[in-house]
Amino acid sequence: MPKAQWDTPFGYIATKHKRMFLSYTDTHGCPGHFANHEQATDDTSFFPPLLAQLMLDGVGTEDDLDWRYLWSALDRVIRDGERADQLSFDLGVWSDGRPVRPVSVYLSSN
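Parameters at a glance
- Every residue gets a number counted from 1 within its own chain, in the order that chain's sequence is written.
- Owing to the predicted nature of the model, reporting of local features is limited to residues with pLDDT of at least 70; listing and counting of side-chain atom pairs is limited to 80 or more, with chain, interface and lining totals taken over all residues.
- Values reported for side chains reflect all heavy atoms of the structure, with hydrogen atoms and water molecules removed beforehand.
- The helix count covers DSSP runs of H or I at least four residues long, the strand count covers runs of E at least two residues long, and both are numbered beginning at the N terminus.
- Any residue under 20% of the maximum accessible area for its type is buried, any over 50% is exposed, and the rest in between are partly exposed; the area is computed with a 1.4 Å probe on protein chains only.
- Between two residues, a contact is recorded if the distance between any of their heavy atoms is within 4.5 Å.
- In short, Shrake-Rupley with a 1.4 Å probe defines the accessible areas, and a residue's cover is counted only from the protein chains shown.
- For the purpose of charge, His is not counted, nor are the chain termini; Lys and Arg are scored as positive and Asp and Glu as negative.
- Note that the charge is assigned to NZ on lysines, CZ on arginines, CG on aspartates and CD on glutamates.
- Whether two aromatic rings pair depends on their centres lying within 6.5 Å, for rings of Phe, Tyr and Trp, where Trp uses its six-membered ring; planes under 30 degrees apart make the pair stacked, over 60 edge-to-face, and the rest tilted.
- In plain words, nonpolar cores are sets of buried Ala, Val, Leu, Ile, Met, Phe, Trp, Tyr and Cys residues tied together by side-chain atoms within 4.5 Å.
- A residue counts toward a patch only above 30% relative accessible area and without a salt bridge, and it is joined to like-charged neighbours within 9 Å or, for Val, Leu, Ile, Met, Phe, Trp and Tyr, to nonpolar neighbours within 5 Å.
- The term salt bridge refers to a side-chain nitrogen of Lys or Arg lying within 4 Å of a carboxyl oxygen of Asp or Glu.

J.: An account of the overall build of the protein chain is requested, with residue identities and associated values reported.
T.: Looking only at helices and strands, the protein chain has 3 helices and 2 strands in total. Counting only C-alpha atoms and orienting by the principal axes, one finds that the protein chain spans roughly 45 × 30 × 25 Å. Across the 110 residues of the protein chain, 30% fall into the buried class. Look at the contacts in the protein chain between residues 6 or more apart in sequence, and 54% of them connect residues 24 or more apart. Of the roughly 7500 Å² of accessible surface on the protein chain, a fraction of 57% belongs to carbon and sulfur atoms. Between the averaged position of the 10 positive side-chain charges in the protein chain and that of its 16 negative side-chain charges there is a distance of 12 Å.

J.: So what about the packing of aromatic side chains? Which residues, and what values?
T.: Inspection of the entire model under this criterion finds 3 aromatic pairs. Ring geometry for Trp 67 and Trp 71: centres 5.0 Å apart, planes at 85°, overall edge-to-face. Taken as a pair, Trp 67 and Trp 71 lie in helix H3 (residues 64-79) at a separation of 4 residues, close to a single helical turn. Counting every residue linked through ring pairs, the aromatic cluster contains Phe 21, Tyr 69 and Phe 89.

J.: So, the environment of Leu 22: which residues are in play, and what are the values?
T.: Tracing the sequence through the fold places Leu 22 in strand E1 (residues 19-22). For the pair Leu 22 and Val 105, spaced 83 residues apart in sequence, the C-alpha separation works out to 6.2 Å. Beyond its immediate stretch of four places on either side in the chain, Leu 22 contacts Lys 3, Tyr 69, Pro 102, Val 103, Ser 104 and Tyr 106.

J.: I'd love a proper account of the nonpolar core, names of residues and values included.
T.: Counting 10 residues, the largest nonpolar core is built from Phe 21, Leu 65, Tyr 69, Ala 73, Leu 87, Phe 89, Leu 91, Trp 94, Val 100 and Val 103. No other element matches the 3 residues that H3 contributes to this core. Setting aside residues up to four positions removed in sequence, Val 103 forms contacts with Phe 21, Leu 22, Ser 23, Tyr 69, Phe 89 and Leu 91.

J.: Now, about the side chain of His 33: what can you tell me, with residues and values included?
T.: Along the polypeptide, His 33 turns up in the loop between E1 and helix H2 (49-56). Excluding residues within four positions of it along the chain, His 33 makes contact with Tyr 24, Thr 25, Asp 26, Asp 64, Leu 65, Trp 94 and Val 100.

J.: Explain a nonpolar patch on the surface residue by residue, including any values.
T.: Residues Leu 50, Leu 51, Leu 54 and Met 55 make up a contiguous nonpolar surface patch of about 440 Å² in total accessible area. Along the chain, Leu 50 turns up in helix H2.

J.: Could you give an account of unusual backbone geometry, with specific residues and numbers?
T.: With an omega of 0°, the peptide bond between Cys 30 and Pro 31 qualifies as cis. Structurally, the position occupied by Pro 31 is in the loop between E1 and H2.

Note that every value here comes from positions in space, so none of it alone points to a role or purpose.
This is the structure we're talking about:
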């Protein structure tokens, strides 16, 4: 879904403490990061490998988007009590020192 389609529904979320984060595909390093609908999927065995490659940008694996973005956010909100709209993310750098494409804020109540 194009991100602009979130503009109107975002306004209907009742809390004033809200923020929509976006992650991005970054294939500079190996393995690359694929930011898509299946980015949080670690097990795509429900698809044959060829179909997973064609339809999901690859076979689901644990990667830095899981550890430094998705799971980090959940841990900090659930375990540490941080507000989700105040999170920030550091995806680190590739092995050659180039920064990984960062998570950005698309919509915010601020």
